[in-house]
Amino acid sequence: MNDPSTILESQDVAAPTSGTIIDIDDLSFSYDLGKTNTLRNISLDIPAGKVTAFIGPSGCGKSTLIRCLNRMNDLVDTAKVTSGKISIMGQDIHAPDVDAIELRKHVGMVFQKYNPFPKSIYENVAYGLRVQGIKKKSILDQAVEESLQKSALWSEVKDRLNTSALGLSGGQQQRLCIARTIAVKPQIVLMDEPCSALDPIATARIEELIAELQQDFTIVIVTHNMQQATRVSDRTAFFYLGELVEYDDTQAIFGNPSKKQTEDYVSGRFG
């Protein structure tokens with residue numbers, strides 16, 4: 001087993017292919033220095049090599065939780081974990097010796113609104129590698145092609161890699177953002193409503209892509225679309241008002257939930 005004190009220090013750490021990769025233990029989180037908790041006593045284990053969906057009505061805390069997993073909430077001055085902890089591959093991600101920037105190399109994120117840089121398609125994908133100090137063109141070329149292949153975009157852009165990424169369609173831009181995320185080879189990919197700004201055809205492409213990426217990455221997705229959760233995820237967590245109501249295999253959550261509140265939500269009675 002890897003030494004927890006060093007597990008997030010190397011980009012070449014092999015992610016587990018089974019068992020728990022993210023352990024959230026009694027986590028409470030606040031945006032106002034602890035005056036009120038947006039998340040309250042959340043505990044769940046996220047399995048490696050699977051797709052886990054977070055569902056629930058707006059304001060239930062699911063996007064806040066996914067942003068806790070790579071410490072994006074650190075960018076909010078008044079945000080703080082008020083109790084509990086998050087461990088990734090055995091390492092407490094809030095331990096003093098864990099650097100948030102290093103953590104994000106292992107825990108990549110795709111946002112709700114596609115956000116390519118105002119650069120070429122090639123430079124968007126190569127950006128993270130260049131930041132890591134990789135300059136050799138052959139390495140960058142290979143990484144760009146592999147990432148675009150994995151994001152199902154290569155055949156559409158291979159002849160215009162040096163043109164602006166902003167000229168791509170919305171669905172293509174989101175797939176480019178996925179390529180940019182996976183180019184640095186994270187172990188975990190977080191997706192915060194990646195299809196909410198896309199049309200049904202582009203959404204279907206992203207869902208197909210998630211199924212393919214699952215072969216190489218652990219994926220956590222926030223979605224308002226319950227049908228999408230049933231299509232893409234292995235496990236589903238249902239949140240309400242900052243609390244975890246139920247967490248189980250996706251088929252159980254939608255077919256035979258154990259909590260009435262979950263049943264009411266997935267059947268459309270509220271939310």
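Here, the structure is the one placed above.
Only a predicted model underlies this, so the values are computations on that prediction, with no experimental measurement involved.

1. Here we look at the environment of Ala-252
(1) Moving on: Residue placement: Ala-252 occurs in helix α9 (residues 250-255).
(2) Moving on: Placed 151 residues apart in sequence, Ala-252 and Ile-101 show a C-alpha to C-alpha distance of 36 Å.

2. Some words on the packing of aromatic side chains
(1) Moving on: Counted according to the given criterion, the structure contains four aromatic pairs.
(2) Moving on: Plain terms: the ring middles of Phe-29 and Tyr-31 are 5.0 Å apart, the flat faces sit at 90° to each other, and that makes the pair edge-to-face.
(3) Moving on: The class for Phe-29 is buried, based on a relative accessible area of 3%.
(4) Moving on: Residue class for Tyr-31 comes out partly exposed when judged on its relative accessible area of 29%.

3. Quick look at the pattern of salt bridges
(1) Moving on: In the structure shown here, the tally under the stated rule is 13 salt bridges.
(2) Moving on: Between Arg-205 and Glu-156 there is a salt bridge, and its shortest N-O distance comes to 3.2 Å. With Arg-205 in helix α7 (residues 200-213) and Glu-156 in helix α5 (residues 154-157), this residue pair connects regions lying 49 residues apart in the sequence.
(3) Moving on: With a relative accessible area of 31%, Arg-205 lands in the partly exposed category.
(4) Moving on: What you see here is one network of salt bridges that share partners, running through Glu-156, Arg-175 and Arg-205.

Calculation criteria
Residues numbered from 1 in each chain as written. Predicted model: local features only at pLDDT ≥ 70, side-chain atom pairs only at ≥ 80, totals over all residues. Heavy atoms only, no water. Helix = DSSP H or I, 4+ residues; strand = E, 2+ residues; numbered from the N terminus. Phe/Tyr/Trp six-rings, centres within 6.5 Å; stacked < 30°, edge-to-face > 60°. Buried < 20%, exposed > 50% of the residue type's maximum accessible area, 1.4 Å probe, protein only. Salt bridge = Lys/Arg side-chain N within 4 Å of Asp/Glu carboxyl O.

Note that every value here comes from positions in space, so none of it alone points to a role or purpose.
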